[in-house]
Amino acid sequence: MPGILGLYDTATNVNNLDETTRSEVFNEVIDQINHEFPSTVLQGPSDADRQRIRERVEAQISAALRKRNCRPGVQLEGAIAEELTRRILGLGFLDLLLPPARTDISEITIYSSGLLQIMLKGSVRWESIDLHPGAGEIWRVLDRLIGPQNKTLNETNPSINAKLPATLHNPGGGRIKALHPVIAPPGRNPSINIRLYEQKPVKPDWLLERGMMSSEMMDLLRKAMEGGKRILISGGTRTGKTTLLSALCNFLPSIWRIVKIEDPEEIWVDRPTVQTVEARPQAVGTDVRPYTLADGVDDAMRMSPDYLVIGEVRDGIAAMSLFRALMTGHSGACTFHADSPREAARRLATVMGADAGVKPHEANQMISDAVDLLVQIGIRHEVRRVTAISNIAKDLKNGDVFFEPIYRYIEESSAKEPRWEQVNLPV
């Protein structure tokens, strides 16, 4: 069955409603609605306002079409009115994919060619859907999203990071990455990726239900969090690092003061004793300096936290600041992009050397001193699994970080029956 935009295209073809006429009708109705309703109502409508505006759009669409001797029928007029209402009040085609319309999507991507794909929750693969917004609609929706954040996408600023604002129906919000057509061939429209965050805090039982780990492994991690262990979660793209860290934060004692440093904010810890510190880039064309993850960690150390929660560490400056904090008696957890524990150690040492001038041996010693437990997460049989939990020895072995496995995933196990083996006892 065609989507709303498909229905609209059908109406256009059947009734010979050419692009010029369609544009005239849309502009006429939009002008009338803007005249009838204050901007404050259009920008933040209540449910009652939405209903009134929808009824007026329907009436105006019908009048405008008949004035031009176009009679597409009640069903198609309703589809046209629904599309135009979304354009006036919401996020156009995105309203068909965001809560409350859909709650099963974790990620949305729009190619510069116009192709639109989604990733369902629990999946690791993209799938195309029958929705085909035009370039003008994509630009309008993007402007509505990033405009209130004082951001713009243009040839001099062709790559931006922004937030998908939290709403009543999507309280988790999300993050946006957009590339201007000038750097995203074929450049028919901007390339956009939207990562949706969970609409509610992630609970540990949710991970167990999906077979991410065994109950024994979860119990080990619960005791580690309750004891203030310093934990590094390592994994590749879309393996669920942030989701796992969010779930583990439920185990922190309720009376603890938690300082959360992120870029951007993603982790949802459902308690009042959480203070979030969010990094920000330098504003284009200004002298306002950026506020980095490293700045956030340095400030957090003076905020008397019981536990530090750091979003993904992406550079050596942030890593050095974090490990320095963890080496001076602070407890905390963070995530890092790597496909294995040894790769995590090597990559951390590399970025600390490149960005902060730390020698490899010194970087390895910092990692060993600063981290108690490494949790490796990956994808097996297209399902997210914790593939290893390891102690990190405090002494290097041949100059390298030494991992003492506690649990590891049995690679021969099946997608439906994942299995792990306990190798050593936790320290």
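Below: a short report on this structure. (Residues numbered from 1 in each chain as written. Predicted model: local features only at pLDDT ≥ 70, side-chain atom pairs only at ≥ 80, totals over all residues. Heavy atoms only, no water.)

Quick notes on the environment of Pro 100
Okay, step 1: Summarising the element assignment, Pro 100 is placed in the loop between α5 (74–89) and β1 (105–110).
Okay, step 2: As for Pro 100 and Asn 170, which are separated by 70 residues in sequence, their C-alpha atoms are 7.5 Å apart. (Helix = DSSP H or I, 4+ residues; strand = E, 2+ residues; numbered from the N terminus.)

A look at the packing of helix α2 (residues 19–36) against α5
Okay, step 1: α5 packs onto α2 with a crossing angle of 55° between their chain directions and a minimal axis gap of 11 Å. Here α5 runs oblique to α2, going by the angle between their axes. In the crossing of α2 with α5, the sense of the turn from one axis to the other is right-handed. Across the interface between the two elements, Phe 26, Val 29, Ile 30 and Ile 33 from α2 touch Ile 80, Glu 83, Leu 84, Arg 87 and Ile 88 from α5. (Axes fitted to C-alpha atoms, helices over the stretch in contact; angles between N-to-C directions. Parallel < 35°, antiparallel > 145°, perpendicular 65-115°, else oblique. Left-handed = near helix turned anticlockwise from the far one by under 90°. Contact = heavy atoms within 4.5 Å.)

Considerations on unusual backbone geometry
Okay, step 1: A cis geometry characterises the amide bond from Pro 99 onward to Pro 100, with omega recorded as 10°.
Okay, step 2: Put simply, Asp 263 and Pro 264 share a cis peptide bond, and its omega is -5°.
Okay, step 3: Here Pro 264 is to be found in the loop between β8 (258–262) and β9 (274–278).
Okay, step 4: Its identity as a non-glycine residue notwithstanding, His 381 has a phi of 55°, on the positive side.
Okay, step 5: Secondary-structure assignment places His 381 in the loop between β12 (373–380) and β13 (383–392).

So, the sheet that holds strand β5 (residues 174–179)
Okay, step 1: Pairing is antiparallel across the open sheet formed by six strands, whose spatial order is β3-β2-β1-β6-β5-β4. The open sheet has two free edges, formed respectively by β3 (127–128) and β4 (159–164), since each of these has just one partner strand.
Okay, step 2: As paired strands, β5 and strand β6 (residues 191–196) are joined by six bridges and run antiparallel to one another. Opposite Ile 176, over in β6, you have Ile 194 as the bridge partner.
Okay, step 3: Docked against the sheet, helix α6 (residues 135–146) engages β1, β4, β5 and β6, running at close to 70° with respect to β4. (Pairing = 2+ DSSP bridges.)

What to know about the packing of α5 against α6
Okay, step 1: In contact at an axis separation of 10 Å, α5 and α6 are set at 35° when each is read in the N-to-C sense. Here Arg 86, Arg 87, Ile 88 and Leu 89 of α5 lie close against α6, whose contacting residues are Glu 137, Arg 140 and Arg 144.
Okay, step 2: Of the residues belonging to the contact of α5 with α6, the class tally is two nonpolar, no polar and five charged. (Nonpolar A, V, L, I, M, F, W, Y, C, P; charged D, E, K, R; others polar.)

Things to note about the pattern of salt bridges
Okay, step 1: Tallying each qualifying case throughout the model produces 26 salt bridges.
Okay, step 2: Across the pair Arg 102 and Asp 104 runs a salt bridge, and its minimum N-O distance is 2.8 Å.
Okay, step 3: Arg 102 sits in the partly exposed class, given a relative accessible area of 25%.
Okay, step 4: Classification of Asp 104 as partly exposed rests on a relative accessible area of 32%.
Okay, step 5: Note that Asp 219 is salt-bridged to Lys 223, the shortest N-O span being 3.5 Å. Highlighted residues: Asp 219 and Lys 223, both in helix α8 (residues 215–226), separated by four residues, approximately one helical turn.
Okay, step 6: Taking relative accessible area as the criterion, Asp 219 reaches 30% and is therefore assigned partly exposed. (Salt bridge = Lys/Arg side-chain N within 4 Å of Asp/Glu carboxyl O. Buried < 20%, exposed > 50% of the residue type's maximum accessible area, 1.4 Å probe, protein only.)

Considerations on the sheet that holds β13
Hydrogen bonds along the backbone pair up the strands of a sheet, which may run parallel or antiparallel.
Okay, step 1: If you trace the nine strands from one edge of the open sheet to the other, you get β9-β8-β10-β11-β7-β12-β13-β14-β15, paired in mixed fashion. Taken across any chain shown, the strands that pair with only one partner, and hence form the sheet edges, are β9 and β15 (420–422). Averaged over all pairs of adjacent strands, the angle between their axes in this sheet comes to 20°, without regard to strand direction.
Okay, step 2: Relative to strand β11 (residues 332–337), strand β10 (residues 307–313) is paired through four bridges, and the arrangement is parallel. Bridge assignment links Val 313 to a residue of β11, and that residue is Phe 336.
Okay, step 3: Lying on the sheet, helix α11 (residues 316–327) is in contact with β10 and β11; it crosses β10 at an angle near 160°.

Some points on the nonpolar core
Okay, step 1: With 36 residues, the main nonpolar core has Ile 231, Leu 244 and Ile 389 as its most contacted residues.
Okay, step 2: Taken together, the elements giving at least two residues each to this core come down to α8, β7 (231–235), α9 (241–248), β10, β12, β13 and β14 (403–409).
Okay, step 3: Counting residues per element, this core draws most heavily on α8, which supplies six residues.
Okay, step 4: Look past the residues within four positions of Leu 244 in its chain and what remains in contact with it is Leu 207, Met 212, Met 213, Ile 233, Val 375, Ile 377 and Val 386.
Okay, step 5: Formed by 35 residues, the second largest nonpolar core is a distinct cluster that contains Leu 232, Val 277, Met 352 and Ala 370. (Core = buried A, V, L, I, M, F, W, Y, C linked by side-chain atoms within 4.5 Å.)

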